[in-house]
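Residues per chain, in single letters:
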Amino acid sequence: MIHVQQLSKRFGRHQAVDGISFDVSEGEIVGFLGPNGAGKTTTLRMLTGYLPPTSGNASINGFDVFKQSVKARRSIGYMPEDVPLYREMTVKEYLTFRAKLKGVKGRAVRSQVNQTISECGLSDRRRKPIATLSKGYRQRVGLADALVHRPELLILDEPTNGLDPNQIIAIRKLIQELAKKHTILLSTHILSEVEMICSKVVIIDQGKIKACDTPSNLVQGMRHAGRIQFEVKADPIQVRKKLSALTEIKKVLHGGKQAGWEQFEIIVDSGTETRERLSNLAAQERWPVKTLYRHEGRLEDVFVELTRRD
Ligand SMILES: Nc1ncnc2c1ncn2[C@@H]1O[C@H](COP(=O)(O)OP(=O)(O)OP(=O)(O)O)[C@@H](O)[C@H]1O
Ligand SMILES: [Mg+2]
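The structure displayed is predicted, hence computed values, not measured ones. (Residues numbered from 1 in each chain as written. Chains lettered and ligands numbered in written order. Predicted model: local features only at pLDDT ≥ 70, side-chain atom pairs only at ≥ 80, totals over all residues.)

Trainee: Would you take a moment to explain the overall build of the chain for this structure?
Mentor: Each helix and strand counted, the chain has eleven helices and 14 strands in total. Its C-alpha atoms put the chain at 80 × 40 × 35 Å along the principal axes. Per-residue burial for the chain yields a buried fraction of 34% across its 310 residues. Within the chain, contacts between residues separated by at least 24 positions form 68% of all contacts whose residues are at least 6 apart in sequence. (Helix = DSSP H or I, 4+ residues; strand = E, 2+ residues; numbered from the N terminus. Buried ≥ 20, exposed ≤ 12 C-beta atoms within 10 Å, placed from the backbone. Contact = placed C-beta atoms within 7 Å.)

Trainee: Can you walk me through the site of ligand 1 in this structure?
Mentor: Near ligand 1 the following residues occur: Phe-11, His-14, Ala-16, Gly-34, Asn-36, Gly-37, Ala-38, Gly-39, Lys-40, Thr-41, Thr-42 and Glu-81. Only β2 (14–24) and α1 (40–47) provide two or more residues apiece to the shell around ligand 1. Looking at the shell around ligand 1, the element that brings in the most residues is α1, giving three residues. Among the residues forming the shell around ligand 1, the class breakdown is three nonpolar, seven polar and two charged. (Near = placed C-beta within 6 Å. Nonpolar A, V, L, I, M, F, W, Y, C, P; charged D, E, K, R; others polar.)

Trainee: Is there a simple way to explain the sheet that holds strand β8 (residues 183–187) in this structure?
Mentor: Two strands in a sheet stick together by hydrogen bonds in their backbones, pointing the same way (parallel) or opposite ways (antiparallel). If you walk across this open sheet you meet the six strands as β6-β7-β8-β3-β9-β10, and the pairing is mixed. A strand with exactly one partner marks an edge of an open sheet, and here the two such strands are β6 (76–79) and β10 (208–213). Taking the axes of each pair of neighbouring strands and ignoring which way they run, one obtains an average angle of 15° across the sheet. Inspection of the sheet shows strand β9 (residues 200–205) paired to β10 by five bridges, in the antiparallel sense. Bridge pairing links Val-201 to Asp-213 in β10. Sheet strands in contact with α1 are β3 (29–33), β7 (153–157), β8 and β9, and its direction is about 150° off that of β7. (Pairing = 2+ DSSP bridges. Axes fitted to C-alpha atoms, helices over the stretch in contact; angles between N-to-C directions.)

Trainee: Looking at this structure, I do not really get unusual backbone geometry. What am I missing?
Mentor: The bulk of non-glycine residues show a negative phi, and the bulk of peptide bonds are trans. Although it is not a glycine, Glu-158 adopts a positive phi angle of roughly 50°. Within the fold, Glu-158 resides in the loop between β7 and α6 (165–179). Taking the number of C-beta atoms within 10 Å as the measure of exposure, Glu-158 has 21 and is therefore buried. Even without a glycine there, the phi angle at Ala-259 is positive, about 50°. Among the structural elements, Ala-259 can be located in the loop between β12 (249–258) and β13 (261–268).

Trainee: Where do I start with the domain arrangement of the chain in this structure?
Mentor: How big an interface is tends to be reported as the loss of accessible area on association of its parts. Each assigned domain of the chain is listed here: domain 1 (2–214) and domain 2 (226–307). A separation of 40 Å is found between the C-alpha centroids of domain 1 and domain 2. Listed as interface residues are ten residues of domain 1 and, on the opposing side, six residues of domain 2. Breaking the side of domain 1 that touches domain 2 down by element, the ones donating at least two residues are α7 (191–197), β9 and β10. (Domains from an automatic or database assignment.)

Trainee: Teacher, can you tell me more about the nonpolar core here?
Mentor: Grouped together as the largest cluster of nonpolar side chains are 57 residues, with contacts concentrated most on Val-30, Leu-95, Ala-144, Ile-155, Ile-184 and Leu-185. Looking at this core element by element, the count peaks at five residues for helix α5 (residues 135–147). Residue contacts for Ile-155: discarding those within four places in its chain leaves Leu-44, Leu-47, Thr-48, Ile-76, Tyr-78 and Leu-185. In this structure, Val-232, Val-252, Val-268 and Leu-278 belong to the second largest nonpolar core, which totals ten residues. (Core = buried A, V, L, I, M, F, W, Y, C linked by C-beta atoms within 7 Å.)

Trainee: Looking at this structure, I do not really get the packing of helix α3 (residues 91–101) against helix α4 (residues 107–119). What am I missing?
Mentor: For any two helices packed against each other, the geometry comes down to the angle between their axes and how far apart the axes lie. Two elements in contact, α3 and α4, have axes whose closest approach is 10 Å; the angle formed by their N-to-C orientations is 125°. On the basis of their axis angle, the class for α3 and α4 is oblique. Relative to α4, α3 is oriented so that their crossing is right-handed. Of the residues in α4, those in contact with Val-91, Lys-92, Leu-95, Thr-96, Ala-99 and Lys-100 of α3 are Val-109, Gln-112, Val-113, Thr-116 and Ile-117. (Parallel < 35°, antiparallel > 145°, perpendicular 65-115°, else oblique. Left-handed = near helix turned anticlockwise from the far one by under 90°.)

Trainee: When you look at the confidence of the model for the chain in this model, what are you seeing that I'm missing?
Mentor: Residues shown with low pLDDT carry predicted positions that ought not to be read at fine detail. Summing up the model confidence of the chain, the mean pLDDT is 90 and the portion of residues at 70 or higher is 96%. Across the chain, strand β1 (residues 2–11) holds the top mean pLDDT of 97, while helix α11 (residues 299–307) sits lowest at 80. (pLDDT = per-residue confidence, 0-100.)

Okay, structure coming up:
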């Protein structure tokens, strides 16, 4: 459904997106993850035809998003990062205006607007001016806007951004419901959300793809690896030096001092049980240890491992 090949975008001297390739098949819900500034929004804007690429290409349903943008856009519902809404219009007026703008004609306008309003849980707000809605409801209007021309594919840029936990759950349920009938590409920072709803994850960092797989494969790939939380009373420079000498340790992150205890997070290699060596080392060096805890692999660990810079 989405086919992206060697897509790049450069702003002046800054390479925002750097030769990325990935595919999204029909019916998939794909999570598009990456730290701030990774290039997610830039990629989504290129896919939706709002931003021309510097090089590479992308197609939606076989239509080139740049050369055949009108045809490609017909099958896309795009919810941008900052949904531009006409605040003085009511929900229904706005969605009617948007449906017409997107080429919906005749009686279909009314029926599609009504269907979308009910799908997005906006029925009791349909006559309210957008300016009077809470952020969560405005977010729903943004989603309704993306849906109103009944596209097959939804491209959502951080749809739960800035919402409270209850509204996040509500929007997530709505997305899961929509996933039954639509293919979805969604960018988010909420990793638990991705684990819950996405069938595939694409992780991007500094404009490059770092991983592309199912959430469970990504976590399995580092099943034996992981994060060890290490709280110790010792000179942090010494600790770092000694730890770095252990070959199975990939990264040592120092999180500062809390109530006299130096906080370390240790990223270890796969297939090694590092805790015994750590406790031996601490005994040998006479470091008092408060915590030596290995966290179970989570998508968050994969994300941190792939994108963290110290
Ligand atoms: N119009 C622009 N002109 C110049 N630089 C830009 C422009 N748009 C984006 N950038 C830069 O490109 C990089 C990628 O930005 P982008 O908005 O795609 O990141 P993102 O992954 O969506 O981040 P976030 O999680 O913060 O939304 C950033 O360094 C950003 O400053
Ligand atoms: Mg963004």
